[in-house]
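A look at the structure
These are the residues of each chain, in order.
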Amino acid sequence: MREVAVIGSGVTKFGELWEKSLADLVAEAGITAIMDAGIDGTDIDAMYIGGMSAGRFVGQEHLGALAAEVSGLSEMHIPSTRVEAACASGGLALHSGYLAVASGAYDTVVVGGAEKMTDVAGKEATNILASAASREWEAFFGATFPGLYALMARYHMHKYGTTPEQLASVAVKNHHNGSMNPNAQYRREITVEEVLNSTMVADPLHLLDCSPITDGAAAVIITSLDKAKEFTDDPVKIRASAQASDSISLAGRSRFDALPATIEAAKRAYKQAGIEPSDIDFAEVHDCFTIAEIMAIEDLGFFKKGEGGKASEEGLTALDGEIPINTSGGLKSKGHPVGATGIAQIHELLLQLRGKADKRQIEKAEIGLAHNVGGSGGTAVIHILEAI
Amino acid sequence: MSIARYWREIPQRYNLIGTKCGSCGRVYFPPKAICPVCRRKSIGKMEEYKLKGTGTVETYTIIHTPPPHFEGEEPYAIALIKMDEGCYLVGEIVDCDFEEIHIGMKVEACFRRIEEDGTRGAIQYGYKFRKAE
């Protein structure tokens, strides 16, 4: 297997983008990343695009061909593949592209992710998102997607004494970080009281414990590490790319205080990189709900199981903390266009590792981790990137 | 939902028919074609098994923002239940004040209406749970 590097990235603004279609978003992110990497169309060997449910959000499937067309690459007939793993579609697209480059099959690959979620009403979007869980044995019986995370939240609170205030502190921290991200959907600071006073969605999760419905796209360019130097002086090495699966339904899992898929993917990623959790300087984790970030920082080995809530409340995951988590604002504040999220996380790692994160730049950014989850934990994808 | 999709799940939704692995004895719901523990050894040995319908609340939530087919039902309680046979399932808790619901509460399955497919479509039934005596 060859070593692989990321040589460029791009994201669109995240938010409720009435003036932009799915195709507009894909083109904008792709072109920005191609320009950032300094490559030409003739350098591109293949494209992968992550998208969860364009078929139901905008009635459009066949995203591979759509991406080729809107990026101006259709006449070159470049292989273009759509990848789907619910909210982990972006991360899994990168894993697929990584394997293609590492294997030597392709040299330079564009990996994108996109979701246009606001062309349907909010309730319909929520219903579409529920298809990331088991439709027949969870959603049918009235369990919503926030509801499944609420079940895990209550379990975590009961077992470890995690408090609603600790959950809220995750949202407060992520909004603070997001306030410094020009591409974020919500650039507004919030308080613990505001979170606790916001509408209850699925007890104990309030509206401000939940990530929003978002339009957006992101793209990165990857190539072999040897070739990377031809395009940029500033390549970032992919130290690990790992995926793990689990039962699509929560009831089919071995435990409810963690996502076993995250634990397993992390084990594989750390092994591939030959490092320990303590070697990670910062991470973008999948905070679709505040409890998800608390479980993630435990499952990734940054904190002991049960101590994630306390760590968040004490500021250990803040920009100036022991291990900054979600410097971009996370899914909570930056927004969560499901198919784009996994790639947008890589964009943030790139900014931090290259020292270009502006006001939210952290001091020590040498090794970063991105953690992308599909559904309530049926898929987990982890990437570890290093500045070289 | 098409009638066929509803119809083929009737054994599970009406009568909690799962499967038992003939190799290790573990019980699964919904039914599995293969036991994830025994894998190859279980092929051809998965037997139909009717759950007793009793279990314990492992964790629960009160849903305030419902999906389209539960609109008007909110707020309602959803629980992850550990069935006495050892498998878990997700279902609604009914006939009980929310204050009474707690982790460790004993529950039993009951037969209820789940949703109606519009005003002229099929009414779909299935299991919900109530506090056990």
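Treat the numbers as computed from the prediction; the structure is a model and nothing was measured.

1. Focus on the pairing of strand β2 (residues 46-50) of chain A
Residues and elements named next belong to chain A. Burial analysis of β2 places 5 of its 5 residues in the buried class, which makes it a mostly covered element. Side-chain alternation along β2 places Ala 46, Tyr 48 and Gly 50 on one buried face and Met 47 and Ile 49 on a second face that is also buried. Direction of pairing for β2 relative to strand β4 (residues 108-115): parallel, over a ladder of 5 bridges. Across the sheet, residue Ile 49 finds its bridge partner in β4, namely Gly 112. Strand direction decides the pairing type here: β2 and strand β3 (residues 80-83), joined by 4 bridges, are parallel.

2. Side note on the interface of chain A and chain B
In this complex, chain A contributes 23 residues to the contact, which on the side of chain B involves 34 residues. A buried area of about 2700 Å², summed over both sides, lies between chain A and chain B, and 67% of it is on carbon and sulfur atoms. Joining chain A to chain B, the criterion identifies 2 salt bridges. Arg 5 of chain B is paired through a salt bridge with Glu 136 of chain A; the nearest N and O atoms lie 3.9 Å apart. Taken together, chain A and chain B are joined by 11 residue pairs in polar contact (both at pLDDT 80 or more). If you list the elements that add at least two residues to the side of chain A that touches chain B, you get α5 (122-129), α6 (145-160) and β5 (200-203) of chain A. Here the side of chain A that touches chain B gets 6 residues from one element, more than from any other, and that element is α6 of chain A. Of the residues contributing to the side of chain A that touches chain B, the split by class is 13 nonpolar, 5 polar and 5 charged. Examined bridge by bridge, β5 of chain A and strand β4 (residues 54-63) of chain B share 2 bridges and lie antiparallel to one another.

3. As for the sheet that holds strand β2 (residues 27-28) of chain B
Strand pairing within a sheet occurs via backbone hydrogen bonds; the two strands may be parallel or antiparallel. Residues and elements named next belong to chain B. In spatial order, the strands read β2-β1-β3; together these 3 strands make up an open sheet with antiparallel pairing. Looking at strand neighbours, the two that pair on one side only are β2 and β3 (46-50), the edges of this open sheet. Two elements, strand β1 (residues 17-21) and β3, share 5 bridges in a ladder whose sense is antiparallel. Its bridge partner being in β3, Thr 19 is matched across the sheet by Glu 48.

4. Remarks on the packing of α6 of chain A against helix α11 (residues 290-299) of chain A
Residue and element names in this part refer to chain A. At a minimum axis separation of 9 Å, α6 and α11 run at an interaxial angle of 60 degrees. The angle between α6 and α11 places the two elements in the oblique class. For the pair α6 and α11, the crossing hand works out as left-handed. Packed against α6, whose contacting residues are Tyr 149, Met 152, Ala 153 and His 156, the element α11 presents Ile 291, Ala 292, Ile 294, Met 295 and Glu 298 at the interface. A breakdown of the residues in the contact of α6 with α11 according to their chemical character gives 7 nonpolar, 1 polar and 1 charged.

5. So, the sheet that holds strand β11 (residues 379-387) of chain A
Residue and element names in this part refer to chain A. Taken in spatial order, the 9 strands make up an open sheet running β3-β2-β4-β7-β1-β8-β11-β10-β9, and their pairing is mixed. Of all the strands in the sheet, the pair left with one neighbour each is β3 and β9 (282-284). When strand polarity is set aside, the average angle formed by the axes of neighbouring strands in this sheet is 25 degrees. Sheet analysis places β4 next to strand β7 (residues 216-224), joined by 8 bridges and oriented antiparallel. When the bridges of β7 are listed, Val 110 appears paired with Ile 221. Across the face of the sheet, helix α3 (residues 63-70) comes into contact with β2 and β3 while running at roughly 130 degrees to β3.

6. Some remarks on unusual backbone geometry
Here Phe 29 of chain B and Pro 30 of chain B are connected by a cis peptide whose omega angle stands at -5 degrees. Position of Pro 30 of chain B relative to the elements: it lies in the loop between β2 and β3. For His 62 of chain A, which is not a glycine, the phi torsion comes out positive at approximately 65 degrees. Relative to the helices and strands, His 62 of chain A resides in the loop between α2 (54-57) and α3.

Procedures and definitions
Residues numbered from 1 in each chain as written. Chains lettered and ligands numbered in written order. Predicted model: local features only at pLDDT ≥ 70, side-chain atom pairs only at ≥ 80, totals over all residues. Heavy atoms only, no water. Buried < 20%, exposed > 50% of the residue type's maximum accessible area, 1.4 Å probe, protein only. Helix = DSSP H or I, 4+ residues; strand = E, 2+ residues; numbered from the N terminus. Pairing = 2+ DSSP bridges. Contact = heavy atoms within 4.5 Å. Buried area = accessible area lost by both parts, 1.4 Å probe. Salt bridge = Lys/Arg side-chain N within 4 Å of Asp/Glu carboxyl O. Polar contact = N/O pair within 3.5 Å; in protein donor to acceptor, adjacent residues only side chain to side chain. Nonpolar A, V, L, I, M, F, W, Y, C, P; charged D, E, K, R; others polar. Axes fitted to C-alpha atoms, helices over the stretch in contact; angles between N-to-C directions. Parallel < 35°, antiparallel > 145°, perpendicular 65-115°, else oblique. Left-handed = near helix turned anticlockwise from the far one by under 90°.

Remember that the coordinates give geometry; whether it matters functionally is a separate question.
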